[in-house]
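Per-entry structural report
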Amino acid sequence: NIVAGDEFLLCSDGLNIHLDDDDIAAILERHSGDGAKDAATALIEETKARGADDNVSAVVVRINERSD
């Protein structure tokens, strides 16, 4: 089940080649109060800073509350 507080990251391999799970979690945590778009941008910017030479895409989806 998907519940409030869940967070999903859809990304290209260009991102996860340069960032490991701990890096991704730390960036998402730092940007937990920001919008999902800002969190995705932060992930992409960090990937570029680490020398990404491939296309980098990221979408962050945050579940705030359940709507029936």
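Structural notes, computed from the coordinates.

What about the pattern of salt bridges?
Scanning all chains against the criterion turns up 4 salt bridges. The salt bridge involving Asp23 is made with Arg50; its shortest N-O contact spans 2.9 Å. A residue pair is termed long-range when its members are at least 10 positions apart, and Asp23 in helix H2 (residues 21-30) and Arg50 in the loop between helix H3 (36-49) and strand S2 (58-62) qualify at 27 residues. Relative accessible area serves as the criterion here: at 21%, Asp23 is assigned to the partly exposed category. Close ionic contact of Glu46 with Arg50 constitutes a salt bridge, the shortest N to O distance being 2.7 Å. When its relative accessible area of 26% is taken as the criterion, Glu46 is described as partly exposed. The network of salt bridges with shared partners includes Asp23, Glu46 and Arg50.

Let's talk about the packing of H2 against H3
Between H2 and H3, the least distance of the axes is 9 Å, while the angle of their chain directions is 135°. Here H2 lies oblique to H3, going by the angle between them. Handedness of the H2/H3 crossing: right-handed. Every residue of H3 that contacts H2 at Ile24, Ile27 and Leu28 is listed here: Ala39, Ala42, Leu43 and Glu46. Of the residues in the contact of H2 with H3, the class split is 6 nonpolar, no polar and 1 charged.

A closer look at the side chain of Arg62
Relative to the elements of secondary structure, Arg62 occurs in strand S2. Judged by its relative accessible area of 19%, Arg62 is buried. A polar side-chain atom of Arg62 sits 2.6 Å from the main-chain carbonyl oxygen of Asp34.

Let's talk about a nonpolar patch on the surface
A surface patch of nonpolar side chains, about 440 Å² in accessible area, is lined by Ile2, Phe8, Leu10, Val59 and Val61. Listing elements by their share of the nonpolar patch, those giving two or more residues are strand S1 (7-11) and S2. Looking at the element boundaries, Ile2 is found in the segment before S1.

Calculation rules
Residues numbered from 1 in each chain as written. Predicted model: local features only at pLDDT ≥ 70, side-chain atom pairs only at ≥ 80, totals over all residues. Heavy atoms only, no water. Salt bridge = Lys/Arg side-chain N within 4 Å of Asp/Glu carboxyl O. Helix = DSSP H or I, 4+ residues; strand = E, 2+ residues; numbered from the N terminus. Buried < 20%, exposed > 50% of the residue type's maximum accessible area, 1.4 Å probe, protein only. Axes fitted to C-alpha atoms, helices over the stretch in contact; angles between N-to-C directions. Parallel < 35°, antiparallel > 145°, perpendicular 65-115°, else oblique. Left-handed = near helix turned anticlockwise from the far one by under 90°. Contact = heavy atoms within 4.5 Å. Nonpolar A, V, L, I, M, F, W, Y, C, P; charged D, E, K, R; others polar. Polar contact = N/O pair within 3.5 Å; in protein donor to acceptor, adjacent residues only side chain to side chain. Patch = residues over 30% accessible without salt bridge, like charges linked within 9 Å, V, L, I, M, F, W, Y side chains within 5 Å. Areas by Shrake-Rupley, 256 points an atom, 1.4 Å probe, with all protein chains shown as cover.

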